[in-house]
Amino acid sequence: MKFFDILKMACGNFLRRKARTLLTVAGVVIGTMAVVIMISIGEGLEYGYTEQLKSWGSLTQIEVSQNYSSNQDEQKYLDDELITQLDAIEHVEAALPITRQYGALVMGRKILDMSFQGIDSSKIEYYGLELDDGSPATADMLTGNSYLIGYTSVFNFYDPKRGWTDENNAWDEEGSIKPLPFDPINPDKKIKMVFDTSYYWGGGTKPKSYDVNCTGVLKQGGQYDYAIIMDMKSLEALYKKYTKSAGIEIDKEQQKNKYSSVYVEVDNMDNVTEVQQAINDMGYQTWSSTEILEDVQEQMGMIQAVLGGIGAVAFLVAAIGISNTMVMSTYERTREIGIMKVLGCRLSNIMSLFLLEAAIIGLAGGLLGIGFSYAISALLNQLSNSGALATFSMGNGMPISVIPVWLALCGAGFSTLVGLISGFYPALRATRLSALEAIKNE
Amino acid sequence: MSNTNPPVISVKNLKKVYTIGTERVMALNGVDLTIRRGEICCLFGPSGSGKSTLLNMLAGLEKPTTGEILINGQRIDKMNESQLAEFRRTNFGFVFQSYNLLPTLTALENVEMPLIFRGTDHALRQKMAMQMLQYVGLKDRIRHKPTQMSGGQQQRVGIARAFVARPPIIFADEPTGNLDTHTTFEVMDMMSRMVKKRNSTMIIVTHDNEIAEYGDHIIKIRDGRIIEETRRDPQPPELAVPAAGQADSL
């Protein structure tokens, strides 16, 4: 018997007992939905965590810090030599040094005291600086004494004599982010930069201030939300001017650490651990959010296994339903099977016919189940956005349930497989029927 | 003896014992027979004589307790179920008293069945099945389901199915048992003509004298034994020749 003929016969039989087939398929639909929805919730949680981690910093970024050694000669520093070494490691796209100077921006009576971060603007595309409008920051924004400021930081100008007021809160009562209080690129009052803020707290003489100009606002919620970014050479030049005028001696030991922090951008998330190991071997400490992600993924795997297990109970019931339907079918079709056997049909063909019928029930239920799962998933996410289920969501706009393509494919494949397995006993039963007994029964 | 063709079926000392509870029933008690090619052989006897048991064993549907069954040179009593299925598929056609058509399939599909099992191409098997249905006079009923046809029509579908794959041996178990007299002759004529035309062999089980008349080799069975065996000249020419050349192409 040709496979196509068996398939045609199986399809014909599928539609023969419509009510019973439909009920059995409904069982499989529910089973598939239970498993797929449960796993999709696990996927949704993981997606939410991953997105949250991404907002804290790129998942392909490694933070490099000093390993304090008791032996002075072996002490490693965050310096240019390190940057060169890091750039040479395989899978490293760029080593990103950052310098920091404590200081403040002054606008009339208000100050914004925050450390200035100096970056290497020749590698600016790797720092992940994203502007408020979504476009990346470019090197020409950091020429001269230009700076970029984080969205939330703009709210943090305050009068030290009056202290922190409601104006400094970037969020309104409903928890939404407020629009900018003023445009820092074209402010009403001139904004200047100082390194010593003690005067504004009521002590000492007014410090020397320097002209700086803002060229952009960095995206709210990102890694650089509480930051003022400058080119590191400009920042250093300004600081030198300041120390000279104020007559401050720079600590030599402190100077050995040219950079306050160093990040490494890796080409792919999968290579992060490998690169981290290489840097550790060089005698530095490392940290990346991938470490958290791995923990999270492990936990999510467990949650998914538990949720999937709950869904699997429904699937098991569906599988028993398929078996039951197929066994009933062999009882009803005893005579038909007998005739086929007498006419010389291969036992393997009869086996295939029943297995295929069971698999078709599984596949049909699986496909319908996937379809319904997408609908329910969309509904859940709708409810999470509109507030009814918001408590279960990982954050605003984060979906509760995510069905990736692999889950849909696995769902349909698994239900077909379950159909096949459930059909095995009935199929075996069909092949073992005595042809003679079968055609005798009137 | 008029038929000198080689034997297709030979049976030696065939016995079948059924155990019902603690009682042993001897259904066949030492049967020896030879059936030659081209014969229409009637197994004739009252109910309970063991004639159906004999047919079932010749057709490989039941295992003998002891004895040999040789068909076309092969010991079918030694075959396993898969080998028997294969043997039936390539050598046998079956006509049953209760027609045994598949109720969900159309007449055409029922006739195609043995060819489907053989893996014949769709186009070819439809052509062959159509020819057979035309021969049995059901050309206008090919899309009908068995339940939409009379007993006589159903049995004609059964005949078409038995002959469509051109098997060398046809088994017919009380083929007219459920039919009226007129239809009985129609059906018997149809089968006999086809067997003679193709020089195949047919074994008919019956308890009806009139059916036995169609046989050229009549074996009377009673209580599991052959009590009388007669061979006679081939049937009159009007039965041996297809009516109006209908079967010429078959």
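Quick note: structure is the one above.
Predicted model, so just to flag it, every value in this text is computed and none were measured. Throughout, a residue's number is its position along its own chain's written sequence, starting from 1. Chain A is the first chain written and ligand 1 is the first ligand written, with later ones labelled in order. Since the coordinates come from a predicted model, pLDDT governs what is reported: local features require at least 70, and pairs of side-chain atoms require 80 or more to be given and counted, while whole-chain, interface and lining totals use all residues. The side-chain figures draw on all heavy atoms in the structure; neither hydrogens nor water molecules are used.

Draft legend 1. Fine view of the sheet that holds strand β3 (residues 40-44) of chain B. Residue and element names in this part refer to chain B. For two strands to be treated as a pair, DSSP must find at least two bridges joining them. For helices the rule is a DSSP run of H or I covering at least 4 residues; for strands it is a run of E covering at least 2, with both sets numbered from the N terminus onward. On the basis of which strands lie adjacent, the open sheet formed by 6 strands has the order β6-β7-β8-β3-β9-β10 and mixed pairing. Lying at the two open borders of the sheet, with one neighbouring strand each, are β6 (92-96) and β10 (225-231). The average undirected angle you get between the axes of adjacent strands in this sheet is 15 degrees. With 5 bridges connecting them, β3 and strand β8 (residues 201-206) associate as parallel partners. Every angle, taken between N-to-C directions, lies between 0 and 180 degrees, and every axis is a line fitted to C-alpha atoms, over only the stretch in contact when it is a helix.

Draft legend 2. Quick look at the sheet that holds strand β4 (residues 66-71) of chain B. All names here are of chain B. The sheet built from 4 strands is open, its strands ordered β2-β1-β4-β5 with antiparallel pairing. Each end of this open sheet is capped by a strand with a single partner; those strands are β2 (23-36) and β5 (74-75). For strand β1 (residues 7-20) and β2, the ladder comprises 11 bridges, and the chain directions are antiparallel. Paired with T19 across the bridge in β2 is R24. Most of the contacts of helix α1 (residues 51-58) go to β1, to which it runs at about 120 degrees, and overall it touches β1, β2 and β4. We call two residues in contact whenever any of their non-hydrogen atoms come within 4.5 Å of each other.

Draft legend 3. Representation of empty space enclosed by the protein. We place a 1 Å grid over just the protein atoms. Points where a 1.4 Å probe fits but has no way out form a cavity, open points with protein on both sides within 12 Å along at least 5 of 7 lines form a pocket, and any residue with an atom within 4 Å of a point lines it. Grid points are joined across faces, edges and corners, and a volume is the space filled by probe spheres set on the points. Taken as a whole, this structure holds 2 cavities of 30 Å³ or more when the rule is applied. What the largest cavity holds in volume is close to 150 Å³. Secondary-structure elements contributing two or more residues to the lining of the largest cavity are α1 (3-14), α2 (18-56), α7 (289-332) and α9 (347-386) of chain A. Looking at the lining of the largest cavity element by element, the count peaks at 4 residues for α7 of chain A. Each residue belonging to the lining of the largest cavity can be placed in one class, and the counts come to 4 nonpolar, 4 polar and 6 charged. Lining the second largest cavity are L343 of chain A together with R88, R89, F92, G93, F94, P114, R118, R161, A162, A165 and P167 of chain B. At the level of elements, α2 (81-91), β6, α3 (107-118) and α5 (151-163) of chain B are the ones that each hand at least two residues to the lining of the second largest cavity. At 3 residues, the largest contribution of residues to the lining of the second largest cavity is made by β6 of chain B. Residues belonging to the lining of the second largest cavity are distributed by class as follows: 7 nonpolar, 1 polar and 4 charged. Three classes are used, and their members are as follows: Ala, Val, Leu, Ile, Met, Phe, Trp, Tyr, Cys and Pro are nonpolar, Asp, Glu, Lys and Arg are charged, and the others, Gly among them, are polar.

Draft legend 4. Broad picture of the nonpolar core. By convention a nonpolar core is built from buried Ala, Val, Leu, Ile, Met, Phe, Trp, Tyr and Cys residues, the set being connected through side-chain atoms within 4.5 Å. Exposure is judged per residue with a 1.4 Å probe applied to protein chains only, and the accessible area is read against the type maximum: over 50% gives exposed, under 20% gives buried, and values in between give partly exposed. Grouped together as the largest cluster of nonpolar side chains are 68 residues, with contacts concentrated most on I9, L43, L54, F94, F171 and I203 of chain B. The leading source of residues in this core is α9 of chain A, at 9 residues. Apart from the residues within four sequence positions on either side, I9 of chain B is in contact with L33, T34, I35, L58, L70, I71, I169 and I203 of chain B. Counting 40 residues, the second-largest nonpolar core is a separate cluster that includes V95, Y99, V136 and A160 of chain B.

Draft legend 5. The interface of chain A and chain B, seen in detail. Contacts between chain A and chain B engage 20 residues on the former and 24 residues on the latter. Take a side-chain nitrogen of Lys or Arg and a carboxyl oxygen of Asp or Glu: if they are within 4 Å of each other, that pair is a salt bridge. With a closest N to O distance of 3.4 Å, K341 of chain A and E81 of chain B form a salt bridge. Within 3.5 Å is the distance limit for a polar contact, defined as a pair of N or O atoms, with the added protein rule that one can donate a hydrogen and the other accept it, and that residues adjacent in sequence qualify only through two side-chain atoms. Summed over the shared surface of chain A and chain B, the number is 10 residue pairs in polar contact (both at pLDDT 80 or more). Mapped onto the side of chain A that touches chain B, the elements with two or more residues apiece are α1, α8 (334-342) and α11 (435-440) of chain A. Here the element with the most residues in the side of chain A that touches chain B is α8 of chain A; it accounts for 6 residues.

Draft legend 6. Structural context of the pairing of strand β3 (residues 110-119) of chain A. Residues and elements named next belong to chain A. Across the 10 residues that make up β3, a large majority, 7, are buried. Relative to β3, strand β2 (residues 92-107) is paired through 10 bridges, and the arrangement is antiparallel. Bridge assignment links L105 to a residue of β3, and that residue is L112. Between β2 and β3, which follow one another and run antiparallel, lie 2 residues, and G108 among them has a positive phi close to 60 degrees. Pairing of β3 with strand β8 (residues 228-231) involves 4 bridges; the strand directions are parallel.

Draft legend 7. Representation of the environment of T273 of chain A. Mapped onto the elements of the fold, T273 of chain A is located in helix α6 (residues 272-281). C-alpha separation for the pair T273 of chain A and I303 of chain A, spaced 30 residues apart in sequence, amounts to 24 Å.

Draft legend 8. Summary view of the pattern of salt bridges. All names here are of chain A. Per the counting criterion, the structure on display carries 23 salt bridges over all chains. One salt bridge connects E130 with K219, and the closest N-O pair in it is separated by 3.8 Å. Taken together, the positions of E130 in the loop between β3 and β4 (146-150) and K219 in the loop between β7 (213-218) and β8 put the pair 89 residues apart, joining distant regions of the chain. Taking relative accessible area as the criterion, K219 reaches 34% and is therefore assigned partly exposed. Of the charged contacts, one joins E336 and R333 as a salt bridge, the two residues approaching to 3.7 Å between their closest N and O atoms.

Draft legend 9. Main features of the packing of α7 of chain A against helix α10 (residues 405-432) of chain A. Residue and element names in this part refer to chain A. Where α7 meets α10, the axes come as close as 8 Å, and the angle between the chain directions of the two elements is 35 degrees. Note that α7 runs across α10; the crossing there is right-handed. Mapping the contact onto sequence places F315, A319, I322, S323, M326, V327, T330 and Y331 in α7 and F414, S415, V418, G419, S422, Y425, P426, R429 and A430 in α10. When grouped by side-chain class, the residues that make up the contact of α7 with α10 number 11 nonpolar, 5 polar and 1 charged. Should the near helix be turned anticlockwise from the far one by less than a right angle, the crossing is left-handed, and should it be turned clockwise, the crossing is right-handed.

Draft legend 10. Region of interest: unusual backbone geometry. Residues and elements named next belong to chain B. Phi is positive for N100, close to 50 degrees, though the residue is something other than glycine. Inspection of the secondary structure puts N100 in the loop between β6 and α3. Despite not being glycine, R166 shows a phi value in the positive range, around 50 degrees. Overall, R166 belongs to the partly exposed group, its relative accessible area being 45%.

Draft legend 11. Fine view of a negative patch on the surface. Patch membership needs two things, relative accessible area over 30% and no salt bridge, and members are linked within 9 Å if like-charged or within 5 Å if nonpolar (Val, Leu, Ile, Met, Phe, Trp, Tyr). To measure how exposed things are, a 1.4 Å probe is used in the Shrake-Rupley method; for residues, cover is taken only from the protein chains shown. In this tally Asp and Glu are treated as negative and Lys and Arg as positive; neither His nor the chain ends contributes. Every charge is mapped to an atom, namely NZ of Lys, CZ of Arg, CG of Asp or CD of Glu. Taken together, E90, E93, D267 and E274 of chain A make up a surface patch of like negative charges. Mapped onto the elements of the fold, E274 of chain A is located in helix α6.

Draft legend 12. Expanded view of a positive patch on the surface. Residues and elements named next belong to chain A. Residues R109, K161, R162 and K189 make up a contiguous surface patch of positive charge. Considering the arrangement of structural elements, one finds R109 in the loop between β2 and β3. The class for R109 is exposed, based on a relative accessible area of 68%.

Draft legend 13. Just the packing of aromatic side chains, in detail. Stacked, tilted and edge-to-face are the three classes assigned to paired rings of Phe, Tyr and Trp, where Trp is represented by its six-membered ring and a pair needs centres within 6.5 Å; plane angles under 30 degrees give stacked, over 60 edge-to-face, the rest tilted. In this structure the tally under the stated criterion is 14 aromatic pairs over all chains. Judged by centre distance (4.9 Å) and plane angle (70 degrees), the ring pair of F315 of chain A and F414 of chain A falls under edge-to-face. With a gap of 99 residues between them, F315 of chain A in helix α7 and F414 of chain A in helix α10 connect regions that are remote in the sequence. Here F315 of chain A falls in the buried class, since its relative accessible area comes to 4%. Pairwise contacts between aromatic rings join F87, F92, F94, F96 and F171 of chain B into one cluster. Only when the NZ of Lys or the CZ of Arg is both within 6 Å of the ring centre and within 35 degrees of the ring normal is a charge said to sit over the ring. Stacked on the ring of Y331 of chain A, the Lys or Arg R429 of chain A has its end atom at 4.1 Å from the ring centre.

Draft legend 14. Quick look at a nonpolar patch on the surface. Residues and elements named next belong to chain A. A grouping of F414, L417, L420 and I421 is seen on the molecular surface, where their side chains present a nonpolar patch of about 370 Å² in accessible area. For L420, the position within the fold is in helix α10. Judged by its relative accessible area of 34%, L420 is partly exposed.

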